[in-house]
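Understanding the architecture of this molecule
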Amino acid sequence: MGVVNVTPDSFSDGGRWATPDAAVAHGRDLLAQGADILDIGGESTRPGATRPLVAEEVDRVVPVIGTLAAQGARVSVDTMRSEVAEQALAAGATMVNDVSGGLADPRILDVVAASEATYVCMHWRGHSDHMAELAAYDGPGGVVAAVRAELCQRIESAMAAGIPRQRIVLDPGLGFAKAARHNWTLLRGLPALQELGFPLLVGASRKSFLGTVLADADGQPRAVDDREHATTALTVLVAQLGVWGLRVHDVRAARDALRTLERWEEG
Ligand code: PMM
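The structure presented is a predicted model; accordingly, all values stated were derived computationally and were not measured. (Residues numbered from 1 in each chain as written. Predicted model: local features only at pLDDT ≥ 70, side-chain atom pairs only at ≥ 80, totals over all residues. Heavy atoms only, no water.)

**Let's talk about the site of the ligand**
The cut-off we apply is this: Put simply, a residue is near a molecule or strand once any heavy atom of it comes within 4 Å of that molecule or strand. Any N or O atom pair separated by 3.5 Å or less is treated as a polar contact, with the protein-specific requirement of one donor-capable and one acceptor-capable atom, and with residues adjacent in sequence counted only for side-chain atom pairs. Only the protein chains shown count as covering a residue, and every accessible area follows the Shrake-Rupley method with a 1.4 Å probe. We call Asp, Glu, Lys and Arg charged. Ala, Val, Leu, Ile, Met, Phe, Trp, Tyr, Cys and Pro are nonpolar, and the rest, Gly among them, are polar.
Near the ligand lie 17 residues; those nearest to it are Asn97, Asp171, Lys207, Arg247 and His249. In this structure, a nitrogen atom belonging to the ligand sits 2.9 Å away from a side-chain N or O atom of Asp78. Out of a free accessible area of 420 Å², the ligand has 97% covered by protein chains. Class assignment for the residues of the shell around the ligand results in seven nonpolar, six polar and four charged.

**Some words on the packing of helix H1 (residues 20-32) against helix H2 (residues 54-70)**
When two helices pack together, their arrangement is given by the angle between the helix axes and by the axis-to-axis distance. Let me state the cut-off plainly: Where helices are involved, their axes are fitted lines through C-alpha atoms of the stretch in contact, as for all axes, and angles between N-to-C directions lie from 0 to 180°. Labels follow the DSSP assignment, with helices taken as runs of H or I lasting at least four residues and strands as runs of E lasting at least two, numbered in each case from the N terminus. Should the near helix be turned anticlockwise from the far one by less than a right angle, the crossing is termed left-handed; should it be turned clockwise, right-handed. Whether two residues are in contact is decided by their heavy atoms, any of which lying within 4.5 Å being enough.
Where H1 contacts H2, the axes come no closer than 9 Å and their chain directions differ by 35°. The handedness of the crossing between H1 and H2 comes out as right-handed. Note on element contacts: H2 touches H1 through Val64, Thr67 and Leu68, opposite Pro20, Ala23, Val24, Gly27 and Arg28. Here the contact of H1 with H2 is composed, by residue class, of five nonpolar, two polar and one charged.

**Description of the nonpolar core**
Quick note on the threshold: Only buried residues count toward a nonpolar core. Its members are Ala, Val, Leu, Ile, Met, Phe, Trp, Tyr and Cys residues joined through side-chain atoms within 4.5 Å. Residue burial is assigned from relative accessible area. The probe radius is 1.4 Å, only protein chains are included, and a residue is buried under 20% of its type maximum, exposed over 50%, and partly exposed in between. How far each domain reaches was decided by an automatic or database domain assignment.
In this structure, Ile40, Tyr119 and Leu170 are the most contacted members of the largest nonpolar core, which totals 73 residues. For this core, the two domains that each supply at least three residues are domain 1 (2-201 + 244-249) and domain 2 (204-243 + 250-267). One finds Ile37, Met95, Val120 and Leu201 within the second-largest nonpolar core, a separate group that totals six residues.

**Some remarks on the pattern of salt bridges**
Quick note on the threshold: The term salt bridge refers to a pairing of a side-chain nitrogen on Lys or Arg with a carboxyl oxygen on Asp or Glu at a separation within 4 Å.
Enumeration over the complete set of coordinates arrives at 13 salt bridges. Salt-bridge contacts for Arg81 lead to Glu57; the nearest nitrogen and oxygen are separated by 2.8 Å. In this pair, Arg81 sits in the loop between strand S3 (75-78) and helix H3 (82-90) while Glu57 sits in helix H2, placing the two residues 24 residues apart along the sequence. Comparing Arg81 with Glu57 shows no difference in burial state: the two are buried. In this structure, Glu228 and Arg206 form a salt bridge, with 2.8 Å as the shortest nitrogen-oxygen distance. Here the residue Glu228 occupies a position in helix H9 (residues 228-239), and Arg206 occupies one in the loop between strand S7 (201-202) and helix H8 (208-213), the gap between them amounting to 22 residues. Each member of the pair, Glu228 as well as Arg206, is classed as buried. Each member of the salt-bridge network shares a partner with another, and the members are Arg259, Glu262, Arg263 and Glu266.

**What about the sheet that holds strand S4 (residues 95-98)?**
The test is simple: One requirement defines pairing of two strands: DSSP has to find at least two bridges between them.
Taken in spatial order, the six strands make up an open sheet running S1-S2-S3-S4-S5-S6, and their pairing is parallel. One side of each edge strand has no neighbouring strand; the edge strands of this open sheet are strand S1 (2-5) and strand S6 (168-171). Across the sheet, the mean angle separating the axes of adjacent strands is 25° when strand polarity is ignored. Sheet analysis places S4 next to strand S5 (residues 118-122), joined by four bridges and oriented parallel. What sits directly across from Asn97, in S5, is Val120. Lying on the sheet, H1 is in contact with S1 and strand S2 (38-41); it crosses S1 at an angle near 175°.

Now the structure itself:
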């Protein structure tokens, strides 16, 4: 899954594809690099980001989705808002990637249920302005048990709204209400989430826990645009677990890594 952030302020690529033409060109580029799905978003979820108005978010994503879907791309809309999901689906999106798992705007579950779309249900505890305070996982089983239990609750809500289980994909939500150590524990604990029997999507690409692991001698985290090799290493490690999808910015690097892993596994 290739990321197309049509935002002025995303942590990873903010502002680079903020006009519809630039976003469409980027989407086409990611398809040429081998993306199966384009994930198009109009709201930055980085810590401290200000939320756009609904109309602003719609204006950012809907024209881009319409153009790319009309050209045959499989399009996911990255949104927590029911109104945006509704218009994105009408414009040709076939997947709703809701980083809040239905918590931010529960009506989004009804919108997805009324469509044929796939629902990506991510683990989330709150909006980015206060998610750092929510990164506490002190119960038995720690972060893996908590994420698993909270995702189960979200699955129940999604299914109660009428989304069939075959249309649900789970995502551990790396970096969302999680400290760096939580992300690493969750990555090692992915098999416990796979036991739930749903396809798993994982988004580690360029995230700050990789910046921390690559910090320099003074403890300065590695800059966001210089975390690609670590991202690619994680692509291989996570792919070896047999996850369904990887959400990445550099599709070519991920494709090359996956091809190499495939050849490795052929022996
Ligand atoms: N991460 C971001 C945005 N959307 N969606 C899913 N399903 N999983 C993620 O991990 C995820 C996401 C934040 O990263 P970005 O600013 O690079 O888009």
